[in-house]
Amino acid sequence: MVKNVKEEKIKHVLTEPKLSAIKTMLEKDHAIDCLLLLYVGRGKWKNAKDFMRENKLTLSDGTFRARMIEIESLGLAKSERIDPLKKYYIKTEFGEKLAKLLLGLFDEIGA
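Conventions and cut-offs
Residues numbered from 1 in each chain as written. Predicted model: local features only at pLDDT ≥ 70, side-chain atom pairs only at ≥ 80, totals over all residues. Heavy atoms only, no water. Buried < 20%, exposed > 50% of the residue type's maximum accessible area, 1.4 Å probe, protein only. Helix = DSSP H or I, 4+ residues; strand = E, 2+ residues; numbered from the N terminus. Arc of directions from axis to C-beta. Core = buried A, V, L, I, M, F, W, Y, C linked by side-chain atoms within 4.5 Å. Contact = heavy atoms within 4.5 Å. Polar contact = N/O pair within 3.5 Å; in protein donor to acceptor, adjacent residues only side chain to side chain. 1 Å grid on protein atoms, 1.4 Å probe; cavity = no way out; pocket = protein on both sides within 12 Å on 5 of 7 lines; lining within 4 Å. Points joined across faces, edges and corners; volume = space filled by probe spheres on them. Salt bridge = Lys/Arg side-chain N within 4 Å of Asp/Glu carboxyl O.

## Brief notes about helix H4 (residues 45-54)
Part 1: Within H4, burial applies to Trp 45, Ala 48 and Met 52. The buried residues of H4 occupy one face: seen down the axis, they fall within an arc of 65°. Summarising the geometry of H4, the exposed residues directed more than 90 degrees from the buried face are Arg 53 and Glu 54.
Part 2: Lys 56, located one to two residues past H4, shows a positive phi value of around 55°.

## A few points about the nonpolar core
Part 1: Counting residues in each nonpolar core, the largest one holds 20 residues, and the members touching the most others are Met 25, Leu 35, Leu 59, Phe 64, Met 68, Ile 71 and Leu 76.
Part 2: Broken down by secondary-structure element, the contributors of at least two residues to this core are helix H2 (17-26), helix H3 (31-39), H4, helix H5 (61-73) and helix H6 (93-109).
Part 3: Once residues lying within four places of it in the same chain are set aside, the contact partners of Phe 64 are Cys 34, Arg 42, Gly 43, Lys 44, Trp 45, Ala 48 and Leu 59.

## Focus on the environment of Ser 73
Part 1: Relative to the elements of secondary structure, Ser 73 occurs in helix H5.
Part 2: On the basis of relative accessible area, Ser 73 is assigned to the exposed category, the value being 59%.
Part 3: The spatial distance from the C-alpha of Ser 73 to the C-alpha of Ala 31 is 13 Å, given a sequence separation of 42 residues.
Part 4: Of the polar contacts made by the side chain of Ser 73, one reaches the backbone oxygen of Glu 70; its length is 2.7 Å.

## Notes on the layout of surface pockets
Part 1: Here the largest pocket defines a volume of roughly 190 Å³.
Part 2: What lines the largest pocket is simply Val 13, Leu 19, Ile 22, Lys 23, Leu 26, Phe 94, Lys 97, Leu 98, Leu 101 and Leu 102.
Part 3: Going through the elements one at a time, H2 and H6 are the ones with two or more residues in the lining of the largest pocket.
Part 4: With five residues, the single largest contributor to the lining of the largest pocket is H6.

## A closer look at the side chain of Arg 67
Part 1: With respect to the secondary-structure elements, Arg 67 resides in helix H5.
Part 2: Sequence-distant contacts of Arg 67, that is, excluding residues within four places in its chain, are made with Lys 28, Asp 29, His 30, Ala 31 and Cys 34.

## Notes on the pattern of salt bridges
Part 1: By the definition in use, this model includes six salt bridges.
Part 2: In this structure, Glu 27 engages Lys 23 in a salt bridge whose closest nitrogen and oxygen atoms are separated by 3.0 Å.
Part 3: Its relative accessible area of 25% is what places Lys 23 among the partly exposed residues.
Part 4: With a closest N to O distance of 3.1 Å, Glu 70 and Lys 28 form a salt bridge.

So, in structure tokens, the structure goes:
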């Protein structure tokens with residue numbers, strides 16, 4: 001019985017469109033980095049780049065933009081135009097919730 005409950009939960013994550021889309025996005029390069037950058041208000045490329053460099057980490061402009069577009073399409077962020085070519089991304093309530101859950105997960109398994 002317990003096995004079936006676990007299998008049903010896994011099946012739900014893998015097959016429910018919204019959950020499956022979030023899982024797929026989280027599997028991509030720097031997706032969690034970008035969610036955490038949003039969480040701390042670094043949704044503009046320059047701010048994100050500066051934060052990553054301060055911490056001796058890398059994140060390319062193209063990867064940042066691709067992840068942010070995907071994050072926005074999932075409702076985890078919204079964008080505001082800075083100029084015709086640039087956007088600033090802001091976390092949504094859903095994005096904040098996911099970032100907090102991820103931070104909680106990392107607190108549980110590491111530190």
